[in-house]
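Here's the letter readout for the chains.
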Amino acid sequence: MSKIAGIYWDDTAAAPGISLSVYFSGCHFHCPGCHNPEAQDFNYGEDFNITTIRTIMEKLNKNGVMRTLSILGGEPLCDENLGDVMRLIGWCKLDYPDLKIYVWTGYTLEELEARDDEDVRTILRNITCLIDGRYEQDKRDITLPLRGSSNQRVIYFDKKEN
Amino acid sequence: MVIKALLEGSLHGVGKYHKTPIFPCGIFQCMKGVNRAPGDPNYDMYRLALQSTAQRIYPNYANVDWSGNAGYDINDPKTYFSTMGCRTANGADINAEPGVNPQTKDGRGNICPVTIIMPTLAMEAKGLTGNITNQMNEDISQEETIENFMDLLDKKIHEAKDMLLERFNWICSQSPASAKFMYENHTMMGYHPEEGIRSALKHGTIVIGQLGLAETLQILIGCDHTTEEGMELAKRIEALFKKRCAEFKQEYKLNFGVYYTPAENLCYTAMKKFQKKYGKIENVSDHDYFTNSIHVPVWHEISVFDKIDIESQLTGYSSAGCITYVEVPSGVKNNIDALEIIVNYAMDHDIPYFALNVPLDSCNDCGYQDEINDTCPQCGSHNISHLRRVTGYLTGSYKDAFNWGKQKETEDRVKHIH
């Protein structure tokens, strides 16, 4: 079972617009200069369970404002978190088929595809945007939208193809 | 083109370090079909205005579609809802001349205010006059306290009306020479020299204001208007203000209005007196200031949308001026879409006048601008200006320019969104 380092119910610092941002705990990359070093620990934070998912689903459109689901970490797409991330996306998509989902990962898209994993494929099929790649301190550039370093990429998936 | 130049000027800033201009206050009028949605002819101006707000705090947003300004003429921009900047506004003019739309704003203004300090009335309604022998009066039930309070408030509203009439008449007794330029250049609406300055001032608004609704409710029922019970009583209180002002307006043929007072000094001086009399009471006088008008207390953790939901239920009672603030992080300058969602939410919830507070700190040595605590991240200097909107307008560093109560209020503020 995954742990959650934190959730911002109304967040302007992740995806464009208002996000509900979920930070999954645990990461193997340990990039120097990491933005959330405490979330590298897989035991950090609260349990992620069905109540977490229910609360998130409820709050995604609280006050009638449709939020974007932003998934960050830690590392949401490592093997330990993959299952729970997929469950979260699956449940949310069921209630909100048009939900926009942004995922931040330290893996590159090529690394993810090479894993040849059904869960990874399902996630990539259902999200709007992937921000990929390790954080490289010497390529730090705070002026870049959505990213921390210039090697990272913002990859939008064309929804119509899925 | 003029609006574009003004907004670009605001974004550019002033001086070598492109600092935020603290004047003039900018107000952007939001109007459906004109600038609210993609495809509207001036939607690009709205986006530019939002960019400016994120970086420079101004402009604020006036809601032309506000239900309280019904009767305006879509072909006459002089009748569109607008404010003086801080918050004062003019409702329908009971003395409008034939052929003039009563909602015309130009040439009118707020003539004089009187503000009622409601928490003191609430204490008196409990039978607590500050006299120690009376201090432990537990015999009065909550229902009785509320009725006492409503009676006392009604009495004070009538006293406020008498004070306003006296002041209005005194102001009208002045010679036109006191403000020759204003009267002689059509700056004031409806001025007829042979009738004296009253002919112009009667189009203005005289207002009954209020301080500390949140604390008042805490005294009366132990919760504020962020709860259902509190909101119910809040509406009863505001409805009384509105009803009386409407009656006075008819009876005296003067534009009485309900005003959600800024009280930048009164919030502190009234609290000092209150504390001296009653000591520190939890959620009532344990801060150094009373909460502004009907606002949700600044220290209350609440989301931006919930805050708008709550305040929008009360702003409709005010015809003479109110403002709804939300506190947002400086990072929104990179997320104008989020800002647009927030402003749209306020407009769609019929908020008349909406403003966003964005922390704006700048280093006086190198010019770096962001939210800075004590040390500039760029050059390490401790010479930092903390620019905040304290009430209505921007000033230099709030720590130099405002009384202790307002400084504490500014520091107690919590962000309403991450």
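Scope of this entry: the structure provided in the associated data block. Positions within a chain are numbered from 1, following the residues in the order the chain's sequence is written. Chains carry letters from A onward and ligands carry numbers from 1 onward, assigned in written order. Per-residue local features of the predicted model are confined to residues with pLDDT of at least 70, and side-chain atom pairs are confined, for both listing and counting, to 80 or more; whole-chain, interface and lining totals are unaffected and use all residues. Side-chain measures were taken over the full set of non-hydrogen atoms in the model, leaving aside hydrogen atoms and water.

Turning to the overall build of chain B, a few remarks are in order. When helices and strands are tallied, chain B shows 13 helices and 11 strands. Taking the principal axes of its C-alpha atoms as reference, chain B extends roughly 60 × 60 × 40 Å. Categorising residues by exposure relies on relative accessible area from a 1.4 Å probe, with only protein chains included: less than 20% of the type maximum marks a residue as buried, more than 50% marks it as exposed, and the intermediate range marks it as partly exposed. For chain B, the residues scored as buried account for 54% of the 418 residues in total. Whether two residues are in contact is decided by their heavy atoms, any of which lying within 4.5 Å being enough. Within chain B, counting contacts between residues at least 6 apart in sequence, those at least 24 apart form 69% of the total. Two residue types count as positive, namely Lys and Arg, and two as negative, namely Asp and Glu; His and chain ends fall outside the count. Note on charges: their place is set at NZ of Lys, CZ of Arg, CG of Asp or CD of Glu. Each charge class in chain B was averaged separately, 40 positive and 53 negative side chains, and the resulting centres sit 5 Å apart. Note on conventions: DSSP H or I runs of at least 4 residues are helices, E runs of at least 2 residues are strands, and numbering of each starts at the N terminus.

Check the secondary structure of chain A and you find 4 helices and 7 strands. Taken from N to C terminus, the helices and strands of chain A fall in the order β-β-β-α-β-α-β-α-α-β-β. Note on method: radius of gyration uses C-alpha positions; expected globular size equals 2.2 Å times residues raised to 0.38. The C-alpha radius of gyration of chain A comes to 15 Å, within 12% of the 15 Å expected for a compact globule of 162 residues. Its C-alpha atoms give chain A principal-axis dimensions of about 40 × 35 × 35 Å. Residues classed as buried in chain A amount to 48% of the 162 residues present. In chain A, once contacts between residues fewer than 6 apart in sequence are set aside, the share between residues at least 24 apart is 66%. With 18 positive and 26 negative side-chain charges, chain A shows a separation of 5 Å between the mean positions of the two kinds.

Attention now moves to the sheet that holds strand β6 (residues 324-327) of chain B. Residue and element names in this part refer to chain B. In this scheme, strands are said to pair when DSSP sees at least two bridges between them. With respect to topology, 4 strands assemble into an open sheet ordered β1-β2-β7-β6, the strand pairing being mixed. Sheet topology places β1 (27-30) and β6 at the edges, where each strand pairs with a single neighbour. Each strand axis lies, on average, 25 degrees off the axis of its neighbour in the sheet, ignoring direction. For β1 and strand β2 (residues 60-63), the ladder comprises 4 bridges, and the chain directions are parallel. Within the sheet, the bridge partner assigned to Cys-30 lies in β2 and is Asn-63. In this description, a line fitted to the C-alpha atoms serves as the axis of each element, helices being fitted only across the stretch in contact, and the angle between N-to-C directions of two axes falls anywhere from 0 to 180 degrees.

Residues and elements named next belong to chain B. By the criterion of burial, strand β10 (residues 384-391) is predominantly enclosed, with 7 of the 8 residues buried. Judged from the 4 bridges that link them, strand β8 (residues 360-363) and β10 form a sheet pairing that is antiparallel. Bridged to Asp-361 within β10 is His-386.

Residues and elements named next belong to chain A. Residues Cys-129 and Ile-131 point to one face of strand β6 (residues 129-132) and Leu-130 and Asp-132 to the other, with burial holding for every one of them. The pairing of strand β5 (residues 101-104) with β6 spans 3 bridges and is classified as parallel. Among the inter-strand pairings, Trp-104 is bridged to a residue of β6, identified as Ile-131. Relative to strand β7 (residues 153-156), β6 is paired through 4 bridges, and the arrangement is antiparallel. Following the sheet pairing, Cys-129 is matched in β7 by Tyr-156.

What follows covers the sheet that holds strand β3 (residues 46-47) of chain A. The strands making up a sheet associate through hydrogen bonds between their backbones, and the pairing can be parallel or antiparallel. All names here are of chain A. Read from one edge of the open sheet, 7 strands run β3-β1-β2-β4-β5-β6-β7, paired in mixed fashion. Edge positions in the open sheet fall to β3 and β7, since each of these has one partner strand only. Relative to β5, strand β4 (residues 68-73) is paired through 3 bridges, and the arrangement is parallel. Pairing of Ile-71 across the sheet is with Val-103, part of β5. Against the sheet, helix α1 (residues 50-59) makes contact with β1 (3-11), β2 (19-24), β3 and β4, and its axis sits at roughly 10 degrees relative to β1, the strand it touches most.

Contacts between the two partners involve 13 residues from chain A, matched on the other side by 14 residues from chain B. The term buried area refers to how much accessible surface (probe radius 1.4 Å) is lost by two components on association, counted for both of them together. Both faces combined, the contact of chain A with chain B buries some 1200 Å², and carbon together with sulfur accounts for 57% of it. Among the residues of chain A in contact with chain B, Asp10(A), Thr12(A) and Asn63(A) are the three that bury the most area, contributing 46% of the side total. Think of a salt bridge as a Lys or Arg side-chain nitrogen and an Asp or Glu carboxyl oxygen that are within 4 Å of each other. At the boundary of chain A and chain B, one finds 1 salt bridge. With a closest N to O distance of 3.0 Å, Lys62(A) and Asp306(B) form a salt bridge. Here a polar contact is recorded for every N or O atom pair within 3.5 Å, except that within protein the pair must consist of a potential hydrogen donor and a potential acceptor, and residues adjacent in sequence are included only if both atoms are side-chain atoms. Connecting chain A to chain B are 11 residue pairs in polar contact (both at pLDDT 80 or more).

Residue and element names in this part refer to chain B. Ile-116, Phe-149, Leu-153, Ile-208, Ile-237, Phe-241 and Phe-256 are the most contacted members of the largest nonpolar core, which totals 65 residues. Setting aside its immediate chain neighbours within four residues, Phe-241 contacts Ile-116, Met-118, Leu-153, Ile-157, Ile-208, Gly-209, Gln-210 and Val-258. Side-chain atoms within 4.5 Å link the members of a nonpolar core, which is a set of buried Ala, Val, Leu, Ile, Met, Phe, Trp, Tyr and Cys residues. Core analysis: the second largest hydrophobic core is formed by 47 residues, Leu-50, Phe-81, Tyr-325 and Ile-351 among them.

All names here are of chain B. Relative orientation of the contacting elements helix α4 (residues 142-172) and helix α7 (residues 213-221) amounts to 140 degrees, with a least axis distance of 9 Å. Judged by the inter-axis angle, α4 sits oblique to α7. Taken together, the residues of α7 that come into contact with α4 (itself represented by Gln-142, Thr-145, Ile-146 and Phe-149) are Thr-216, Leu-220 and Ile-221. Throughout, the ten residues Ala, Val, Leu, Ile, Met, Phe, Trp, Tyr, Cys and Pro are labelled nonpolar, Asp, Glu, Lys and Arg are labelled charged, and all others, Gly among them, are labelled polar. A class-by-class count of the residues in the contact of α4 with α7 yields 4 nonpolar, 3 polar and no charged. Any angle that is under 35 degrees is reported as roughly parallel, and any over 145 degrees as roughly antiparallel; angles of 65 to 115 degrees are reported as roughly perpendicular and all others as oblique.

Just distances and angles here, no functional claims.
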